[in-house]
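Chain and residue survey
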Amino acid sequence: GWKLAEQGHKITVLEWEGQIGGQSKTVRRGDWRFDLGGHRFFTKYTDVKQEVEGLIGQDKLLTSRKSVIRLNNQWIQYPLEMADLLSRMNPLVTMRAGVDYMLATARSKVRGHSDTSFEDWVVSRFGRTLYDIYFGMYTEKLWGVHPSEISADWAAQRISLINLWDVFKRLLGQGDETPRTYLTEFIYPKWGIGTIPDLMAERITARGGRILTNSMVHKLGLVDGRITTVHFTEDGVNRSIDCDAVLSTIPVTDLIEALGMKSAAEDLNLVQNMRFRALRFLNLTLDFPAVSDNTWIYIPEEKYLFMRVQEPRNWSPYLAPEGKTSMILELACDRGDAMWHEDDDVLYRKCLPQVVELGLLKPGQTDKVLDYFSTYMTHAYPIYDLGYKRKIEAAMRICDPVKNLV
């Protein structure tokens, strides 16, 4: 919308929520600001980087990444550092992981990789021990399904290091190009990631474009294979708008329902079986200066309700008032399940003892929690199950004939 408006096109943005930004919005609570989890900006493309940096302008910060993982009751730094790893991990676990790795490497050299699932991919490269103590637990907690049901493609996209030899080379300072998951600095706006969509919106409206919030698309009117009218509800009132072209960023399941096309029953059935994982965030405002110096804290163990913890002040000191801080607990769930609907007070009472047990709050600091509230992400992750490619292909067969749909 931003770039098209700059080129002179007449743009209307329909946003189904009351605030623009989607998954990258920043929510205000008094003098505190909270992203929906942590969102950093990075790109390999110089022109895109320059465009976004120019958009942010003087509000651009360069934030240092510092992350830890909770493994076997120890905080392990990530990216891995040799001294930290050797001093904190149980030597027997480290030895077992090494043996597993060597066996996995030998097997893969003899048989090659035949990766179907996330579990296959990780075990064949990292060995069973590291899979059991981190990758398997964290992945099942995130997705809500066993890693044997998740496609290996997800691992190939999200885990940059191909095997433990790369880890050991990096630990010894001999690694080559830094993988994207190892970036130690990233661009971040002073007032939260939502600054980026907010500034894009300003550029659109300055060029005469319209942005309509609380507007949910429910039908796309087609004539001769082209979308000519978009039907939507704005604040519960039915409205429509004529159009030359549609760029859709809504979940593909909702898009195809809005198209209402008479497609093959098998294709429609495949699309209807696409699944999404939701996230709920419990946001705490705190009456003391700092919890830790980490940007990300990963909690793979099943006994803890949340899978990741973030402290916004460590992304930007401007996200909390002077002398105070905040915390975001990320909880993976399914939209409409018990976790999704849990009352804030009940969820807070369940999470608080776990935060104390992890040492993120000291027992005497619990009365320093000033406020707590939840934010939600309905379609946080499309689930890369073993049949996801067939589902995407079915969606494309339905959408591709529509000439003016991107």
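Throughout, a residue's number is its position along its own chain's written sequence, starting from 1. Selection of residues for local features in this predicted model requires a pLDDT of at least 70, selection of side-chain atom pairs for listing and counting requires 80 or more, and totals for whole chains, interfaces and linings are taken over all residues. Side-chain metrics rest on all non-hydrogen atoms present in the structure, leaving aside hydrogens and water.

1. Overview of the pattern of salt bridges
Salt bridges are identified by distance alone: a Lys or Arg side-chain nitrogen within 4 Å of an Asp or Glu carboxyl oxygen. With the rule as written, the count across this model stands at 22 salt bridges. Across the pair Glu53 and Lys60 runs a salt bridge whose closest N-O atoms are separated by 3.5 Å. Exposure remark for Lys60: the relative accessible area of 36% places this residue in the partly exposed category. Glu330 serves as the salt-bridge partner of Arg308, at 2.9 Å between the closest nitrogen and oxygen. Working definition: with a 1.4 Å probe on protein chains only, accessible area under 20% of the residue-type maximum means buried, over 50% means exposed, and in between means partly exposed.

2. Re the state of the cysteines
In this description, a disulfide is simply a cysteine sulfur pair whose atoms lie within 2.5 Å. Under the criterion given, the structure shown has 0 disulfides. With no disulfide of its own, Cys243 lies closest to Cys399 among cysteine sulfurs, the gap being 15 Å. The exposure class of Cys243 is buried, given its relative accessible area of 18%. Cysteine Cys351 shares no disulfide, and the gap to the nearest cysteine sulfur, in Cys333, comes to 12 Å.

3. Points about the packing of helix H4 (residues 91-111) against helix H6 (residues 128-143)
Orientation is described by lines fitted to C-alpha atoms, with helices fitted over the stretch in contact, and by angles between N-to-C directions that extend from 0 to 180 degrees. For the purposes of this entry, the term helix denotes a DSSP run of H or I that reaches at least four residues, the term strand denotes a run of E that reaches at least two, and both are numbered from the N terminus. The interhelical angle for the contact between H4 and H6, taken along N-to-C directions, is 125 degrees, at an axis separation of 7 Å. By the angle between their axes, H4 is oblique relative to H6. Two secondary-structure elements touch here, H4 through Val93, Arg96, Ala97 and Asp100 and H6 through Arg128, Thr129, Leu130 and Ile133. Residues that form the contact of H4 with H6 fall into these classes: 4 nonpolar, 1 polar and 3 charged. Throughout, the term roughly parallel applies to angles under 35 degrees, roughly antiparallel to angles over 145, roughly perpendicular to angles from 65 to 115, and oblique to all others. Contacts are residue-level and defined by heavy atoms, with any inter-residue pair within 4.5 Å sufficient. As a working rule, the residues Ala, Val, Leu, Ile, Met, Phe, Trp, Tyr, Cys and Pro are called nonpolar, Asp, Glu, Lys and Arg charged, and the rest polar, with Gly in that last group.

4. Describing the side chain of Arg70
Its place among the elements puts Arg70 in strand S5 (residues 67-71). There is no salt bridge for the buried Arg70, and the closest opposite charge comes from Glu301, which lies 4.0 Å off by N-O distance. Excluding residues within four positions of it along the chain, Arg70 makes contact with Trp75, Tyr298, Ile299, Pro300, Glu301, Tyr304 and Leu358. Only four residue types enter the tally: Lys and Arg on the positive side, Asp and Glu on the negative side, with His and both chain ends excluded.

5. Side note on the side chain of Arg308
Residue position: Arg308 is located in strand S14 (residues 308-310). In contact with Arg308, other than residues within four places in its own chain, are Tyr138, Trp296, Ile297, Tyr298, Ile328, Leu329, Glu330 and Tyr381.

6. Brief notes about the sheet that holds strand S11 (residues 237-242)
Spatially, S9-S10-S11 is the arrangement adopted by the 3 strands of the open sheet, whose pairing is antiparallel. Only two strands of the sheet have a single partner each, and these edge strands are strand S9 (215-223) and S11. Across this sheet, the average inter-strand angle for adjacent strands is 25 degrees, counted without regard to direction. For strand S10 (residues 226-234) and S11, the ladder comprises 6 bridges, and the chain directions are antiparallel. The residue of S11 that forms the bridge with Thr233 is Asn238. Two strands are said to pair when DSSP picks up at least two bridges between them.

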